[in-house]
Amino acid sequence: MSESFYLDWNNSIPILNKAYESDLFVIIIGPKGTGKTSLVRDFVRSKGAKLDSINFSLRTRESHLVGSKTLTNGTVSFDEGLLVKSMREGSMLYLDEVNSAEADVLLRLDEALDDRRQIVLKESTGELIKAKENWFVIATINPLSHSGTKELPPQLLSRFPVRISLEYPPEDIELEIIKKYVSGNHESELVQGIKLANILRQAAAVEELFYSPSLRETIAFGKLLDKETSTKEAATIVFGNVYTQWGNIEHQKVRDIITSMFGS
Ligand SMILES: Nc1ncnc2c1ncn2[C@@H]1O[C@H](COP(=O)(O)OP(=O)(O)OP(=O)(O)O)[C@@H](O)[C@H]1O
Ligand SMILES: [Mg+2]
């Protein structure tokens, strides 16, 4: 990816810069595939900083964050986790989908993220780790409707006083973003694909459909058009077929929309 690949359409980079200069941690909230990770990467690159990422899931344990004891050749040592390493180095720490983790794991984050920016290695020597200056943390959460996500405990949420909301972009901007990835020879077809994606997103938002396509899908649609796939076929492959997961009625609803837009 080139330097300015990320299109900062809702002015998030200036907010990230102000937060960074004021030592205020940031949380980015938005559905899947709206550019959260790309935004963070672009910002970290612009600062010339090192990026450490933790992708949270139900299986994330405290030991991933803080570390764990290991036994090699009869000697016990402590393998520091990414949170501790990042605090020591003063890197940028990206906590991705932090609301998919179990509450007890998050408790340990509270400690590190409060205003003192320090953590006690009670699992090891009891050493007090103080974060290096410039240590910075950016987290993302998916909206609560996203499966597997839970509400972030309020005290943890309060550690991220700067909040950026990243939704699906307006149609003209989504077109501009897609054109960064595809030839742009199919402008009117791309516009139609984005329209379709937004119809499906709106239907998913009111729970008429189970799935909401992201920018990944509209980009994929454009890439298939570049490979001489017909518009209808690309729409079926990228936007239609996924709904068979939820049965024939769901699939048929979307097939009808695709046929009405792209012909039979
Ligand atoms: N503003 C943008 N400028 C350039 N590319 C973008 C932009 N927004 C999204 N994209 C592209 O859309 C795709 C999805 O973006 P990304 O992975 O950053 O989303 P995300 O919000 O982190 O998704 P998830 O919640 O699933 O992790 C990527 O290919 C990304 O490069
Ligand atoms: Mg992401």
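Trainee: What exactly am I supposed to notice about the packing of aromatic side chains here?
Mentor: Note on aromatic pairs: each is described by the distance of the centres and the angle between the planes. This structure, assessed with the given rule, holds twelve aromatic pairs. Ring geometry for Phe-5 versus Tyr-181: centroids 4.9 Å apart, planes at 80°, classification edge-to-face. Here Phe-5 is found in the segment before helix H1 (12-21), whereas its partner Tyr-181 is found in the loop between helix H7 (171-178) and helix H8 (187-205), with 176 residues between them in sequence. With 6.4 Å between their ring centres and 55° between their planes, Phe-43 and Phe-136 make a pair best called tilted.

Trainee: Quick question: what am I supposed to make of the layout of surface pockets here?
Mentor: A water-sized probe rolled over the atoms picks out the places where empty space is left. Approximately 500 Å³ is the volume found for the second largest pocket. Along its surface, the second largest pocket is lined by 24 residues, and Gly-33, Gly-35, Lys-36, Ser-38 and Arg-216 are the ones closest to its centre. Mapped by element, the contributors of at least two residues to the lining of the second largest pocket are helix H2 (36-46), strand S5 (92-96) and helix H9 (215-226). Sort the elements by how many residues they give to the lining of the second largest pocket and H2 lands first, with four residues. For the lining of the second largest pocket, the residue count by class is ten nonpolar, seven polar and seven charged.

Trainee: How do you make sense of the site of ligand 1 when you look at a structure like this?
Mentor: Around ligand 1, a shell composed of 18 residues is seen, among which Leu-7, Gly-33, Thr-37, Ser-38 and Tyr-181 lie nearest. A distance of 2.8 Å separates an oxygen atom of ligand 1 from a polar atom in the side chain of Lys-36. Contact between ligand 1 and Tyr-181: an oxygen atom at 2.4 Å from a side-chain N or O atom of the residue. With the chains in place, 88% of the 630 Å² that ligand 1 exposes on its own is no longer accessible. If you map ligand 1 onto the pockets, it falls in the second largest pocket. Looking at the shell around ligand 1, the elements with two or more residues in it are H2 and H9.

Calculation criteria
- Residues numbered from 1 in each chain as written.
- Chains lettered and ligands numbered in written order.
- Predicted model: local features only at pLDDT ≥ 70, side-chain atom pairs only at ≥ 80, totals over all residues.
- Heavy atoms only, no water.
- Phe/Tyr/Trp six-rings, centres within 6.5 Å; stacked < 30°, edge-to-face > 60°.
- Helix = DSSP H or I, 4+ residues; strand = E, 2+ residues; numbered from the N terminus.
- 1 Å grid on protein atoms, 1.4 Å probe; cavity = no way out; pocket = protein on both sides within 12 Å on 5 of 7 lines; lining within 4 Å.
- Points joined across faces, edges and corners; volume = space filled by probe spheres on them.
- Nonpolar A, V, L, I, M, F, W, Y, C, P; charged D, E, K, R; others polar.
- Near = heavy atom within 4 Å.
- Polar contact = N/O pair within 3.5 Å; in protein donor to acceptor, adjacent residues only side chain to side chain.
- Areas by Shrake-Rupley, 256 points an atom, 1.4 Å probe, with all protein chains shown as cover.
- Sits in = over half its atoms within 2 Å of the grid points.

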